[in-house]
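Descriptive analysis of the structure
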Amino acid sequence: MKIIHILFLALLVLSGCNKSQVSEVDTKEQAENHESEAGENRVELTAEQYKNSKIELGEVTLRNLSNVITATGKIDIPPSNLVSISAPLGGFVRKTELLQGMKVRKGQVLAVIENPDFIPIQQEYLETKIELEYAELEFERQKELSTENVGSQKIFQQATSKVKTLKARLAGLKERIRTAGINLGTLEKGTVVNHANIISPISGSVTVVNVNLGMYVSPTDVMFEIVDTDHLHVELSVFEKDISQVKIGQSVRFKVNNTLGKEGLAKVYLINPKINEDRTVRVHCHLETDDATLLPENYVNATIELGINSVPSLPDQAVVTFEGKSYVFVEKEKEVENGKTLSVFEMIEVQRGVSENGYTAITLPENSTAAPSKMVVNGTYDLLSKLKNSEEEGGGHGH
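Keep in mind that what you see is a predicted model, and the values were worked out from it rather than measured.

**Here's the deal with the packing of aromatic side chains**
To describe a pair of aromatic rings, you give the distance between the ring centres and the angle between the ring planes. Across all of its chains, the model carries 3 aromatic pairs by this definition. Pairing Phe92 with Tyr216 gives two aromatic rings, centres 5.0 Å apart and planes at 65°, and the pair type is edge-to-face. Taken as a pair, Phe92 in strand β5 (residues 91-96) and Tyr216 in strand β10 (residues 216-217) lie far apart in primary sequence, 124 residues in all. Owing to a relative accessible area of 44%, Tyr216 belongs among the partly exposed residues under this scheme. Above the face of the Tyr359 ring, Arg63 is positioned so that its terminal group lies 3.7 Å from the ring centre.

**So, the environment of Asn194**
Mapping Asn194 onto the fold places it in the loop between α5 (184-188) and β8 (195-199). Judged by its relative accessible area of 30%, Asn194 falls in the partly exposed class. Between the C-alpha atom of Asn194 and that of Gly91, which follows or precedes it by 103 residues, the distance is 9.9 Å. Those residues in contact with Asn194 that sit more than four places away from it in its chain are Ile113, Glu114, Asn115, Phe118 and Ile119. Within polar-contact distance, the side chain of Asn194 engages the side chain of His195 at 3.4 Å.

**Some details on unusual backbone geometry**
Positive phi, close to 80°, is recorded for Glu297, a residue that is not glycine. Within the fold, Glu297 resides in the loop between β15 (280-287) and β16 (299-315). Residue classification places Glu297 among the exposed residues on the basis of a relative accessible area of 52%. Despite not being glycine, Glu323 shows a phi value in the positive range, around 50°. Relative to the assigned elements, Glu323 resides in the loop between β17 (320-322) and β18 (325-337). Glu323 sits in the exposed class, given a relative accessible area of 69%.

**Examining the sheet that holds strand β6 (residues 103-104)**
Strands sit in the order β4-β11-β9-β6 across an open sheet of 4 strands; the sheet is antiparallel. One side of each edge strand has no neighbouring strand; the edge strands of this open sheet are β4 (82-85) and β6.

**A short note on the sheet that holds strand β7 (residues 109-114)**
Spatially, β8-β7-β5-β10 is the arrangement adopted by the 4 strands of the open sheet, whose pairing is antiparallel. Where the open sheet ends on each side, the last strands, each with one partner, are β8 and β10. Summarising the sheet, β5 and β10 pair through 2 bridges and their orientation is antiparallel. Paired with Phe92 across the bridge in β10 is Tyr216.

**Observations concerning the pairing of β7**
In the sheet, β5 pairs with β7 via 4 bridges, with the strands oriented antiparallel. Bridge pairing in β7 links Val93 to Ile113. By the bridge criterion, 5 bridges tie β7 to β8 in an arrangement that is antiparallel. In the sheet register, Glu114 faces β8, and the bridge partner there is His195.

**A closer look at the confidence of the model for the protein**
Averaged over the protein, the pLDDT score is 83; the fraction of residues at 70 or greater is 85%. Ranking the helices and strands of the protein by mean pLDDT puts β10 first, with 96, and helix α1 (residues 2-40) last, with 47. Contacts of residues 19-38 to residues separated by more than four positions or lying in other chains number 0 contacts, the stretch itself having pLDDT below 50. For residues 395-399, every residue scores under 50 in pLDDT, and the model assigns this stretch 16 contacts once sequence neighbours within four places are set aside.

**Some thoughts on the nonpolar core**
Ile113, Met223 and Phe224 are the most contacted members of the largest nonpolar core, which has 32 residues in total. Within the residue set of this core, elements represented by two or more residues are β4, β7, α3 (118-147), α4 (153-180), β8 and β11 (224-227). The element that contributes the greatest number of residues to this core is α4, accounting for 6 residues. With near-sequence residues (within four places) excluded, Ile113 lies in contact with Ala87, Gly90, Gly91, Phe92, Val93, Phe118, Asn194, His195, Ala196, Ile198, Val217 and Met223. Membership of the second largest hydrophobic core comes to 24 residues, among which are Val227, Val281, Val283 and Cys285.

**A word on the pattern of salt bridges**
The tally for this structure, following the rule as stated, stands at 12 salt bridges. Glu297 is the partner of Lys74 in a salt bridge, and the nearest nitrogen-oxygen pair spans 3.5 Å. Linking Lys74 in strand β3 (residues 61-76) with Glu297 in the loop between β15 and β16, this pair joins segments that are 223 residues apart in sequence. Here Glu131 ties to Arg169 by a salt bridge, and the two come within 4.0 Å at their closest N and O atoms. Of this pair, Glu131 sits in helix α3 while Arg169 sits in helix α4, and the two are 38 residues apart along the sequence.

**Let's talk about the side chain of Asp242**
Relative to the helices and strands, Asp242 is located in the loop between β12 (233-239) and β13 (251-256). Among the polar contacts made by the side chain of Asp242, one reaches the side chain of Lys241 at a distance of 3.3 Å.

The rules behind the values
Residues numbered from 1 in each chain as written. Predicted model: local features only at pLDDT ≥ 70, side-chain atom pairs only at ≥ 80, totals over all residues. Heavy atoms only, no water. Phe/Tyr/Trp six-rings, centres within 6.5 Å; stacked < 30°, edge-to-face > 60°. Helix = DSSP H or I, 4+ residues; strand = E, 2+ residues; numbered from the N terminus. Buried < 20%, exposed > 50% of the residue type's maximum accessible area, 1.4 Å probe, protein only. Lys NZ or Arg CZ within 6 Å of the ring centre and 35° of its normal. Contact = heavy atoms within 4.5 Å. Polar contact = N/O pair within 3.5 Å; in protein donor to acceptor, adjacent residues only side chain to side chain. Pairing = 2+ DSSP bridges. pLDDT = per-residue confidence, 0-100. Core = buried A, V, L, I, M, F, W, Y, C linked by side-chain atoms within 4.5 Å. Salt bridge = Lys/Arg side-chain N within 4 Å of Asp/Glu carboxyl O.

In structure tokens, the structure reads:
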């Protein structure tokens, strides 16, 4: 029995030793795995490397960034600001100096049109005017006789009708002459001409010139197009799924290719209730300020601001993208290795939010212990490049 007890105690001692050894091995392996895992996301820089990388530190700040939806569209103009110029009575082009891009003012002569048919109209106008003068004299005479019960009432009524008819005819001829572009003041002096001036009804820029000297134009031909760019607007196409969030009065930020990154501001003014075949809805936006650099038909990328939230944010360049995920770098601590001081940075995955005005909203992991004041805001791509190159060379270690 003593021998059995001794053997049992010996087995217990051996078993305890083995468990202790296994526990020590497991703990060591876990620590090594954790260190290896942390090393994959760490990069160390010497003082010289730190200087050459031009790394700058900053902090996470709360900024008012908007919830937005994106849209595309173009710069457009109201129908009243785009004018097609024609010759109402047709004719031959005898003079024009217009070129595309020229500025014109309201009332300026754009071209001179010659047409023999202008002459009969003017003759008829002058003849009708003379006939009206005589008819008015006859009307006054018959009116006086009718008052004295001397003249016939029927003759007085005929004189009255004649005056009204001639006035109507004269008014119609005057309008035709004015529409043709003939100077009525010159005609009133008895001068008949075979040409007319084509006048600009608005101030703006010439965008289309379809004529040349000697060319015959009919009343339906468009000779010129003039655009007044003082009242441009933004016409956006918003996807059907997003249109319920768009409201009149919301702010719009947009960029066009020819403004070199300059951002324009507008507000939602009208929302078309019709859904187009491509499942988009037209949204009409008015510019906050007129911009002479904008041109009709400029392609536009825009964001419509749905609301403003105060969220943790970093400059855009502080957030890097790698293999479809977003990361930031945080300065952890200084280490000494072989007498040299090393700066240690850790790459942390974050959730990227809205980007606006050079800042991006971020959400750090719940278990993150990163100091918000030690974020790398410049030089992040240099750190990412060094980290990934070190992994390839060193089998996953970030030194």
